[in-house]
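Architecture and fold: a report
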Amino acid sequence: MHNQVIDFWFTEITPEQWWQKEARFDAMIRSRFSALHKQAHAGELAHWRDSAQGSLAEVIILDQFSRNIYRDQPESFASDALALALAQFAIEKGFDEQLHSAQRCFLYMPYMHSESQLIHEQAVTLFSAAGDKKNLDFELKHKEIIDRFGRYPHRNEILGRVSTKEELAFLQQPNSGF
């Protein structure tokens, strides 16, 4: 079953689709993977954690698919802590070393999505060691926001958080919301 997630994410769709915000794409993921997402969020896919590919698939479901299934809703971030814990567990087992570069990036992505400064320090180490300059640059941009605000201001409205004046000014800048 986890092979369906891996095949979809790395073969069936294009890398450009990973980053797009498009209603039809979100609907496709919602249609195909909502039930699996609910299982992952409930901890019912723990048996996937015995392999690098299974661990990666569960992280993609919780970290990436959440953002598509629940676009612009608080639930889009509700699985972030679990995705991070699973990524940490997989890295501790050395599973990241068994993945190719693009796959490794998605195993590390929960670190980039975290609102913790400590986790971002670890993310810089992981993305640096992976040797992927593009993703390291993205991580450094994310870390700069967390270091400045302690959170991602573009999530405030979705999560019902009150933005500061400084955050509101920041959100007026291009590319402030990823």
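Residues numbered from 1 in each chain as written. Predicted model: local features only at pLDDT ≥ 70, side-chain atom pairs only at ≥ 80, totals over all residues. Heavy atoms only, no water.

For the protein chain, the helix and strand inventory stands at 10 helices and zero strands. Its helices and strands in sequence order give the protein chain the pattern α-α-α-α-α-α-α-α-α-α, from N to C terminus. Relative to the globule expectation of 16 Å for 178 residues, the C-alpha radius of gyration of the protein chain, 16 Å, shows essentially globular dimensions. Its C-alpha atoms give the protein chain principal-axis dimensions of about 45 × 35 × 30 Å. Put simply, the protein chain has 178 residues, and 47% of those count as buried. Looking at the protein chain alone, contacts between residues at least 24 apart form 57% of all its contacts between residues at least 6 apart. (Helix = DSSP H or I, 4+ residues; strand = E, 2+ residues; numbered from the N terminus. Rg over C-alpha atoms; globule rule 2.2 N^0.38 Å. Buried < 20%, exposed > 50% of the residue type's maximum accessible area, 1.4 Å probe, protein only. Contact = heavy atoms within 4.5 Å.)

On to the packing of helix 1 (residues 2–12) against helix 4 (residues 52–69). The N-to-C vectors of helix 1 and helix 4 enclose an angle of 65°; their axes lie 9 Å apart at closest approach. By crossing handedness, the relation of helix 1 to helix 4 is classed as left-handed. Touching His2, Val5, Ile6, Phe8, Trp9 and Phe10 of helix 1 are Gln53, Gly54, Leu56, Ala57, Ile60, Ile61, Gln64 and Phe65, all from helix 4. Tallied by class, residues from the contact of helix 1 with helix 4 come to 10 nonpolar, four polar and no charged. (Axes fitted to C-alpha atoms, helices over the stretch in contact; angles between N-to-C directions. Left-handed = near helix turned anticlockwise from the far one by under 90°. Nonpolar A, V, L, I, M, F, W, Y, C, P; charged D, E, K, R; others polar.)

In this structure, the largest pocket occupies an estimated 860 Å³ of space. Secondary structure elements with two or more residues in the lining of the largest pocket: helix 2 (15–19), helix 4, helix 6 (101–113) and helix 8 (133–149). Ranked by residues supplied to the lining of the largest pocket, first place goes to helix 6 with seven residues. When its residues are assigned to classes, the lining of the largest pocket shows 13 nonpolar, 11 polar and eight charged. (1 Å grid on protein atoms, 1.4 Å probe; cavity = no way out; pocket = protein on both sides within 12 Å on 5 of 7 lines; lining within 4 Å. Points joined across faces, edges and corners; volume = space filled by probe spheres on them.)

This brings us to helix 1. Those residues of helix 1 not exposed but buried are His2, Val5, Ile6, Phe8, Trp9 and Phe10. Within helix 1, the buried residues cover an arc of 160° as seen down the axis, which keeps them to one side. Each element contacted by the buried residues of helix 1 is listed here: helix 2, helix 3 (23–41), helix 4 and helix 6. (Arc of directions from axis to C-beta.)

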